[in-house]
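Topology and contacts: notes
Listed below, chain by chain, are the residues.
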Amino acid sequence: MDIFLQQLANGLTIGSMFALVALGYTMVYGVMKLINFAHGDMVAASAFVGLTIYTHVMGQATSLFAVIAIFLLSAASMACVGIILERVAYRPLRTAPRLSAVVSALGASMIIQNGIMLIWGPRMRIFPELVPQVYWDFGGVVISLIQVIILILSLVLMVALYLFVEKTRMGAAIRASSIDQDAARLMGINVNNVIALIFIIGSSLGAVGGLFIGLYYRGITFNMGWQYGLYAFIAAIMGGIGNIPGAMLGGMLLGLFNAFISGYVSSTWADAFTFILLIVILIVRPTGILGERVAEKV
Amino acid sequence: MLRKRALFMSLLSFSLFAGTVNAEDVLKVGVQAPITGSYANEGQGIENGVRLLAEQINAKGGVLGKKIEVITCDDQGTAMAAAICAKDLVNKGVKMVIGSYTSTCAEAAQKTYFKAGVLQTSDGTADSLTEKGYWTFLRNSFPNSAEAEFAAKYLVEVKKYQRIVVLSDFSTYADGLANATEEAIKKLGGNVVSRDKIKADSQNFTPVLTNIKSKKPDAIFFAGYYSDGGLLRAQQVALGIKADFYGGDANDNPDFVKLAGSAAKDAFIINVPEPAALPTPIAKSFIADYQAKYGEMPPSIWGLMNIDGMRAIIHAMEQNGDFDTKKAADYLHNMDKPLDGITGPIAFAKDGNRKGGAYVVKRIQEDGSYSNEYVQ
């Protein structure tokens, strides 16, 4: 039983990271019907930006204030990158065929990935131990402080996002734009601003996910965005792409599924089973687990 | 438009010519190493070392009157890129290839070099590298089987562990070392409670480690690379698995300690002695030159092993008085007296294995430095 609970804790930690990244995919898709393939690489970039802020801006301070500042500054920087990305790579192609935008997204992904390599180098960089190594042992189930932080902060961010989209006027504008951009424009909604906002939110959440990856796993490489981006993308599709609670659910499910398959079957087969699960879900529910409310996609 | 095109064509032909001119006046040395990717640290160490040695030899007039030209190909630590590199380097007319760092990459390139008669010297420790009968392959490190026997003996007979876990990734080197170690442990009557595999670079090893935890091991032997080893150690400590951690030779890299962070303390690494501890005057002067040129220590002993391989081949060519690779290989396979190397005396057995082999068990201290726990 303690093994089961331990795998559950592992799965929830990694799942909440997937969920944070998946939100970026799903929000952009919801409004623009575009898979932002550069999102995974933005996540990787944020880990490197965080590292640079730590060494050069914060002077390697490890106080609570410094950690919060690193999160805020990284999220702000990635939000700027997100806006630039949308302006340069996606806005000129908004009326172009969808395939052109997808190719543009793939190109942006390569540019960001190689940009990271040119700026920070091809070597693995080591993230500092910003969170003290504190562990609690509950009768064989060990949970670390960093796991608790990741889980709680992810949940807070996700609930806040959900409330923002469902309860505020800006949220209503986002939902309206996702249903019909032209009609939303006629109703006086500035769709360009909405799309910029989507990129700001998605990139900032991705940035937090990237910093979590750095804090939890320590080693960051310029090409890690591909791996996390792929998992998050699968999570978004599983939950129903375009659906915000779906991305959260998909991320958590994927994390748990991965942990249990690695733990009880074989870590070798974890990826294969993940894709089998994806195929099964797409066959049984082509719109994803929560994707039935087609009219209200965000 | 037409003029632009003509200009382009003439530039193209010029650059093609530039490549072929002087082909006979230089000795081309290929470097096949992971310059980017997870093992970039080691790959760049190999390239830096080769370029330094070439510079030193060229300053003394080159090899038999020919200057050395170094051509690097980045194999990214993947078999696919390694196979492409091998073809590329052969096409560029290299006489010898230094590298690669990983056994997988060395193995993927081996056949191409063998067919082209190009000498290859690699620090890859997988036993399979020398089991194919390629006369072109010269191993400049010691094979896995030697390390496996040492590790098994230490774990079973010296430390008397009762429940040992053997862990590896899927690479040629790691899988080979882990299998050999498991076999050697069993031969000595030791108890291997679990033989698990991880996917290199996947970062999340907690599911596998949680399984290992349930087996209640007292020692974990990890055959694999430092980029995974450091994370494994950190996650092992985080999960509260009390077993002693032993990393195989490829964990011997400063990044292991950085990745593991505070968990690195009291982990053990089994390897040949480290560069700073190398006693010979050749080693001291080469490492001093390396530090002067690049401003850092060589990343590990592996780059230096490769340099020794290169020195041995050049030594053989100088002794033979020509650049014939077959004759150089014959010379190296039949040396009476070993050549003084940076990493100790170098001599090769008939199958291309380096003779000898000495291992130490190193304990990682609180500040990240090593202390020798056990010397063979």
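Quick caveat, the model's predicted, so the values are computed rather than measured. (Residues numbered from 1 in each chain as written. Chains lettered and ligands numbered in written order. Predicted model: local features only at pLDDT ≥ 70, side-chain atom pairs only at ≥ 80, totals over all residues. Heavy atoms only, no water.)

1. Overview of the layout of surface pockets
Rules: Put simply, the grid is 1 Å and covers the protein atoms alone, a cavity is a trapped set of points that fit a 1.4 Å probe, a pocket is an open set with protein on both sides within 12 Å along at least five of seven lines, and lining residues have an atom within 4 Å of a point. Grid points are joined across faces, edges and corners, and a volume is the space filled by probe spheres set on the points. Numbering goes from the N terminus for both helices and strands, where a helix is a DSSP run of H or I of at least four residues and a strand is a run of E of at least two. Note on residue categories: nonpolar means Ala, Val, Leu, Ile, Met, Phe, Trp, Tyr, Cys or Pro, charged means Asp, Glu, Lys or Arg, and polar means any other residue, Gly included. An automatic or database domain assignment is the source of the domain bounds shown.
Considered as a void within the structure, the largest pocket measures approximately 1,200 Å³ in volume. Taken together, the elements giving at least two residues each to the lining of the largest pocket come down to α2 (39–57), α4 (98–120), α9 (224–239) and α11 (270–284) of chain A together with α8 (226–238) of chain B. Ranked by the residues each element gives to the lining of the largest pocket, the list is headed by α9(A), at eight residues. Residue composition of the lining of the largest pocket, grouped by class: 18 nonpolar, 21 polar and six charged. Viewed by domain, the lining of the largest pocket spans two of them, domain 1 (24–142 + 279–333) and domain 2 (144–271) of chain B, each represented by three or more residues.

2. A closer look at unusual backbone geometry
Residues and elements named next belong to chain B. Going by this rule: Relative accessibility thresholds used throughout: buried, under 20% of the residue-type maximum; exposed, over 50%; partly exposed, between the two (1.4 Å probe, protein chains only).
For the peptide bond that leads from Gly99 to Ser100, omega is 10°, which places it in the cis range. Residue placement: Ser100 occurs in the loop between β3 (96–98) and α4 (103–116). Even without being a glycine, Lys160 presents a positive backbone phi close to 55°. A positive phi is found at Lys216, a non-glycine position, where the angle reads about 50°. Counting through the fold element by element, Lys216 comes out in the loop between α7 (206–214) and β8 (219–223). Given the relative accessible area of 60%, Lys216 is considered exposed.

3. Some words on the sheet that holds strand β2 (residues 67–74) of chain B
The strands that make up a sheet pair up through hydrogen bonds in the backbone, lying either parallel or antiparallel. Residue and element names in this part refer to chain B. We count it as follows: Two strands qualify as a pair provided DSSP detects at least 2 bridges between them. With axes taken as lines fitted to C-alpha atoms, and helix axes fitted only over the stretch in contact, angles between N-to-C directions fall between 0 and 180 degrees. Contacts were defined at the residue level, with two residues in contact if any of their heavy atoms lie within 4.5 Å.
Reading across from one edge, β2-β1-β3-β4-β5 is the order of the five strands in this open sheet, with parallel pairing throughout. Each of the sheet's edge strands pairs with one partner strand only, and the pair in question is β2 and β5 (137–139). For this sheet, the mean angle separating the axes of adjacent strands, direction not counted, is 25°. Pairing analysis gives eight bridges linking strand β1 (residues 26–33) to β2, with the strands arranged parallel. Pairing of Val29 across the sheet is with Val70, part of β2. Running over the sheet, helix α3 (residues 79–91) touches β1, β2 and β3 and is turned about 150° from β2.

4. What about the sheet that holds strand β9 (residues 244–247) of chain B?
All names here are of chain B. Read across the sheet, seven strands follow the order β7-β6-β8-β9-β10-β11-β12 without closing on themselves; strand pairing throughout is mixed. Sheet topology places β7 (192–197) and β12 (370–375) at the edges, where each strand pairs with a single neighbour. For this sheet, the mean angle separating the axes of adjacent strands, direction not counted, is 25°. In the packing of helix α5 (residues 144–158) onto the sheet, the strands contacted are β6 (164–168), β8, β9, β10 (268–271), β11 (360–364) and β12, and the crossing angle to β12 comes to about 85°.

5. Some words on the state of the cysteines
All names here are of chain B. How we decide: The definition used for a disulfide is geometric: two cysteine sulfur atoms within 2.5 Å.
Evaluated as defined, the whole model comprises one disulfide over all chains. The disulfide partner of Cys73 is Cys85, and the S-S distance across this bridge is 1.9 Å. Taking the torsion about the S-S bond as the criterion, the Cys73 to Cys85 disulfide, at about -85°, is left-handed. Here Cys73 is found in strand β2, whereas its partner Cys85 is found in helix α3, with twelve residues between them in sequence. Exposure class is identical for Cys73 and Cys85. Each is buried. Looking at Cys105, it has no disulfide partner, and the nearest cysteine sulfur is the one in Cys85, 8.4 Å off.

6. Quick word on empty space enclosed by the protein
Scanning the entire structure with this criterion turns up three cavities of 30 Å³ or more. Taken together, 20 residues line the largest cavity, and the ones lying closest to its centre are A:Tyr231, A:Asn258, A:Ser262, B:Ser202 and B:Asn204. Here the residues of the lining of the largest cavity sort into eleven nonpolar, seven polar and two charged. The volume enclosed by the second largest cavity comes to roughly 70 Å³. As for the second largest cavity, its lining consists of B:Tyr101, B:Thr102, B:Ser103, B:Asp123, B:Gly124, B:Thr125, B:Tyr173, B:Tyr225, B:Asp249, B:Ala250 and B:Trp302. Built from parts of two domains, the lining of the second largest cavity gets at least three residues from each of domain 1 (24–142 + 279–333) and domain 2 (144–271) of chain B.

7. Observations regarding helix α8 (residues 191–217) of chain A
The line we're drawing: Given a helix with a known number of residues, its expected span is that number minus one, times 1.5 Å.
The first and last C-alpha atoms of α8(A) sit 38 Å apart over 27 residues, in line with the 39 Å expected at 1.5 Å per residue. Looking one or two residues past α8(A), A:Arg218 carries a phi angle of roughly 75°, positive in sign.

8. Concerning the pattern of salt bridges
Where charged atoms of side chains with opposite charge meet at close range, the side chains can pair. Residues and elements named next belong to chain B. Under the convention used in this document: One side-chain nitrogen of Lys or Arg within 4 Å of one carboxyl oxygen of Asp or Glu is enough to make a salt bridge.
Within the structure shown, the criterion is met by 21 salt bridges over all chains. With a closest N to O distance of 2.7 Å, Glu107 and Lys132 form a salt bridge. Placement of the pair is Glu107 in helix α4 and Lys132 in the loop between β4 (119–122) and β5, with a sequence separation of 25 residues.

9. Examining the packing of aromatic side chains
Working definition: an aromatic ring pair is given by the centre-to-centre distance plus the angle between the planes. Quick reminder of the rule: Here is the rule: rings of Phe, Tyr and Trp (six-membered ring for Trp) pair when centre to centre is within 6.5 Å. Planes less than 30 degrees apart are stacked, more than 60 are edge-to-face, and the remainder are tilted. Placement of a charge over a ring requires the Lys NZ or Arg CZ to be within 6 Å of the ring centre, with the centre-to-atom vector within 35 degrees of the ring normal.
One pass over the full model with this rule turns up 25 aromatic pairs over all chains. Their ring planes at 45° and their centres at 5.6 Å tell us that A:Tyr25 and A:Phe233 sit as a pair that is tilted. Of the two residues, A:Tyr25 is situated in helix α1 (residues 2–32) and A:Phe233 in helix α9; the sequence distance between them amounts to 208 residues. Comparing A:Tyr25 with A:Phe233, the two get one shared label, buried. The interplanar angle of 35° and the centroid separation of 6.0 Å between the aromatic rings of B:Phe150 and B:Tyr374 together place this pair among those described as tilted. Placement of B:Phe150 in helix α5 and of B:Tyr374 in strand β12 is noted, with a sequence separation of 224 residues between them. The exposure class assigned to B:Phe150 is buried, which follows from its relative accessible area of 5%. Three or more aromatic residues link up through ring pairs in this structure, and these residues are B:Phe150, B:Tyr154, B:Tyr161, B:Tyr246, B:Phe268, B:Tyr359 and B:Tyr374. In this arrangement the basic side chain of B:Lys326 is found over the ring face of B:Trp135, its NZ or CZ atom lying 4.8 Å from the centre.

10. Brief notes about the interface of chain A and chain B
Buried accessible area, meaning the area lost when the parts come together, often serves as the stated size of an interface. The condition is simple: Simply put, the buried area is the total loss of 1.4 Å probe accessible area from both parts when two parts are fitted together. A 3.5 Å cut-off defines polar contacts: any pair of N or O atoms within that distance qualifies, except that in protein one atom must be a possible hydrogen donor and the other a possible acceptor, and neighbouring residues in sequence count only when both atoms are side-chain atoms.
Taken together, the contacts link 30 residues of chain A with 34 residues of chain B. Of all residues in chain A, the largest losses of buried area upon contact with chain B belong to A:Arg123, A:Met124 and A:Tyr217, amounting jointly to 23% of the total for that side. On inspection of chain A and its partner chain B, the count reaches one salt bridge. The partner of A:Asp271 in a salt bridge is B:Lys199, and the shortest N-O contact between them spans 2.6 Å. At the junction of chain A with chain B, the criterion picks out ten residue pairs in polar contact (both at pLDDT 80 or more). Those elements giving two or more residues to the side of chain A that touches chain B turn out to be α1, α8, α9 and α10 (244–265) of chain A. Broken down by element, the side of chain A that touches chain B gets its largest block of residues, five residues, from α1(A). Of the residues belonging to the side of chain A that touches chain B, the class tally is 15 nonpolar, eleven polar and four charged.

11. Some details on the confidence of the model for chain B
Residue and element names in this part refer to chain B. In plain terms, the rule: Values of pLDDT, ranging from 0 to 100, describe the predictor's confidence in every residue of the model.
Predicted confidence across chain B gives a mean pLDDT of 88, with 93% of residues reaching 70 or more. Here helix α1 (residues 2–20) stands out as the element of chain B with the lowest mean pLDDT, 49, in contrast to β9, whose mean of 96 is the highest. Counting contacts from residues 11–23, a segment whose pLDDT is below 50, to residues more than four positions away or on other chains yields one contact.

12. Looking at the environment of B:Leu332
Residue and element names in this part refer to chain B. Within the fold, Leu332 resides in helix α12 (residues 325–333). Overall, Leu332 belongs to the buried group, its relative accessible area being 0%. For Leu332 and Tyr290, which are 42 residues apart along the polypeptide, the C-alpha to C-alpha distance reads 26 Å. Discounting residues that sit within four places of it in the chain, Leu332 has contacts with Leu138, Ala312, Ile313, Ala316 and Phe348.

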